[in-house]
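Summary of the model geometry
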Amino acid sequence: MRYLCKYRTKLTFLHRMYIEELHSAVGKTVTLKGWVANKREGKGIVFVILRDGTGYCQCVVTEDTAGAEGLANGQDLSLECSVSLTGTVVTDEKQMGGYELQVTAVEPIGKSENYPIAKKEHGVEFLMDQRHLWLRSTRQWAIMRIRNRIIFSIHRYFQDQGFVQMDAPIFTGNACEGTSTLFETDFYGETAYLSQSGQLYGEAMAMAMGRIYTFGPTFRAEKSKTRRHLSEFWMIEPEMAFYDIFQNMDCIEGMIHAIITDVKANCQQELKTIGRDLAILESSMKPFPRLTYDEAVRIIKGEQDVNGKNGIGSLEEELKKVSSRLLEVDAEIADREAKIAGGSLKKGEINFFQNKIDSLKQEKADLEEDARNIPQWIKSAKEFEYGNDFGGSDETVITRLFDSPIMVYDWPHAVKAFYLKRNPENPAFARGVDVLAPEGYGEIVGGGERETNEELLKAKIIEHELPMSAFEWYLDLRRFGSVPHSGFGLGLERMVTWICGLKHVRESIPFPRMYGRLTP
RNA sequence: UCCUUGAUAGCUCAGCUGGUUAGAGCGAGCGGCUGUUAACCGCUAGGUCGUUGGUUCGAGUCCAACUCAGGGAGCCA
């Protein structure tokens, strides 16, 4: 017995493989280690969908190949228990991944009883409470792998060009844009804040390195309950000496193109799993339209069309579509409920109808949400006052008209941050730039050219009622070798959300921290 | 902070204008069928209807307050 165990361990070790490597092992005997993602049973046969983090593979256990003990072990497997399966690799086009394992040995590792996440739709709150387990689901697996790829491609984009990565501090003493959205904490008796941006430190480092980027967590105590907000999120903030706002825009565009190219090349399976419409990613590979604030405002107010489409008009159309779809959904629900009530259906059909009704109800709830929101958006777009910053709804109105991200620049200086440079030709405007993602995703990047003049900066700091003393070191950057420079901040989670086409940012980060959510 | 929607079994939801022992499907347990891909058949267990108070002969259903959650505004990436 002891000998057998030793031998088996050695054999297991020798042939241990990851699912993504199976293409090189057709006809060979290998061992896969992972978790049971799904299981279907028949008489004398068990189908196990095994996942090991690199992919999914159907493994078939029969008495013929695995023996009576193997079959019994296979039958005992439960959802999400861990197991080591040894068997022969065969090709099977019907399977996800294209391969199947004909199992010869089943070695249970860790049990799993009453796994809470079922093969059925769940509510958001329930899933969020189970986030530590939800991450194992196929869809979440795919999203997290795409997130990983995006992070990697961002590093590569900047490293390839010679940018230096730097880490900005998390504890900060100064409030960058007022104190209302900062998390306060005690720092040896002093008040410290959790960083909401590494930008000012990035500027200092750019004067040392030329071009840098930060990549770290940022914290904002905004009590926002929307699909775009997190309290803790990751931001990439490049800062480039001797770049003006237009070179800055080139850099942003290049980065986003690099991310899309990389994700498309390396995450095909993942994109397919989440059902992402790739057309919008394709059309985002061209240069992004660059609009001034003035142009963007005209579009939002419906005074200017884009490719024959009107912003407000298209929202009104959308509203009509929502109402008519709502009627269809209601009719379909009523129809299916009547058929179930009719009593002539078999149990399996009732089950199928019930599932259908559940998802229709979900769609109905979403449509009703839209029906409530869209009129508000139309109203706020019509009433948009020149000179204001864009709100979420304004971004929705304008981005619906484009099939790629757009860049809006030259904002009224009064509504933007103190550190932005004025347009030398028209000081009413600040050289800020926002990148708005299409499909209503809104702002994914905010940035601009920085003010280089010490006196203008001081005036702005006073205007924003910020404590001058906290910015002395920052002003030093203008006193000693000030140069034109620019930078931007990319919200990683918003980027992931857009690339994956998610409904909500909470799925774009492993453990979201948001208003009302601190666990798990 | 404001607006809006909601809270009924482990999960997803019914429960119409207040009326005797609160329902379904999934999941779980047991048994049978099946090279299966969230659609097979049968049986069993499982709920003080978010909390508190009120109206009423009678409240899951009506009213008020609170708590929690979804979405939106503001603010932002």
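Residues numbered from 1 in each chain as written. Chains lettered and ligands numbered in written order. Predicted model: local features only at pLDDT ≥ 70, side-chain atom pairs only at ≥ 80, totals over all residues. Heavy atoms only, no water.

Some words on the packing of helix α5 (residues 138-160) against helix α16 (residues 492-500)
Using the following cut-off: Note on method: axes are straight lines fitted to C-alpha atoms, helices fitted across the in-contact stretch only, with angles between N-to-C directions ranging 0 to 180 degrees. Strands are runs of DSSP state E lasting at least two residues, helices are runs of H or I lasting at least four, and both sets are numbered from the N terminus onward. For this classification, under 35 degrees means roughly parallel, over 145 means roughly antiparallel, 65 to 115 means roughly perpendicular, and everything else is oblique. Each helix crossing is assigned a hand: it is left-handed if the near helix lies turned anticlockwise from the far helix by less than a right angle, otherwise right-handed if that turn is clockwise. By definition, residues are in contact when any of their heavy atoms lie within 4.5 Å. For this classification, the nonpolar set comprises Ala, Val, Leu, Ile, Met, Phe, Trp, Tyr, Cys and Pro, the charged set comprises Asp, Glu, Lys and Arg, and every other residue, Gly included, is treated as polar.
Between α5 and α16, the shortest axis-to-axis distance is 10 Å and the interhelical angle comes to 120°. With respect to their mutual orientation, α5 and α16 come out oblique. The handedness of the crossing between α5 and α16 comes out as right-handed. Every residue of α16 that contacts α5 at Ile-143, Ile-146, Arg-147, Ile-150, Ile-151 and Ile-154 is listed here: Leu-492, Glu-493, Met-495, Val-496, Ile-499 and Cys-500. Here the contact of α5 with α16 is composed, by residue class, of 10 nonpolar, no polar and 2 charged.

Observations concerning the pattern of salt bridges
Here is the rule we go by: Note on definitions: salt bridges are taken to be side-chain nitrogens of Lys or Arg within 4 Å of carboxyl oxygens of Asp or Glu. Burial classes follow relative accessibility: with a 1.4 Å probe on protein chains only, a residue under 20% of its type's maximum area counts as buried, one over 50% as exposed, and anything between as partly exposed.
In the structure shown here, the tally under the stated rule is 32 salt bridges. The residue Asp-403 makes a salt bridge to Lys-286 at a minimum N-O spacing of 2.7 Å. Here Asp-403, found in the loop between α13 (392-399) and β14 (406-412), pairs with Lys-286, found in the loop between α9 (279-283) and β13 (290-292); they are 117 residues apart in sequence, far enough to count as distant. On the basis of relative accessible area, Lys-286 is assigned to the partly exposed category, the value being 38%.

Considerations on helix α6 (residues 199-209)
What counts here: Working definition: the arc comes from the directions between the helix axis and the C-beta atoms, pointing outward to the latter.
Within the span of α6, buried status applies to Gln-199, Leu-200, Gly-202, Glu-203 and Ala-206. In a view along the axis of α6, the buried residues occupy a sector of 155°, so they form one face of it. The elements touched by buried residues of α6 are β7 (164-166), β11 (211-219), β12 (232-241), α15 (472-479) and β18 (485-491).

A closer look at the sheet that holds strand β9 (residues 184-187)
Here is the rule: In this analysis, strands are considered paired if DSSP registers two or more bridges between them.
The 3 strands are arranged β8-β10-β9 in an open sheet whose pairing can be described as antiparallel. With one partner strand each, in any of the chains shown, β8 (171-172) and β9 form the two edges of the open sheet.

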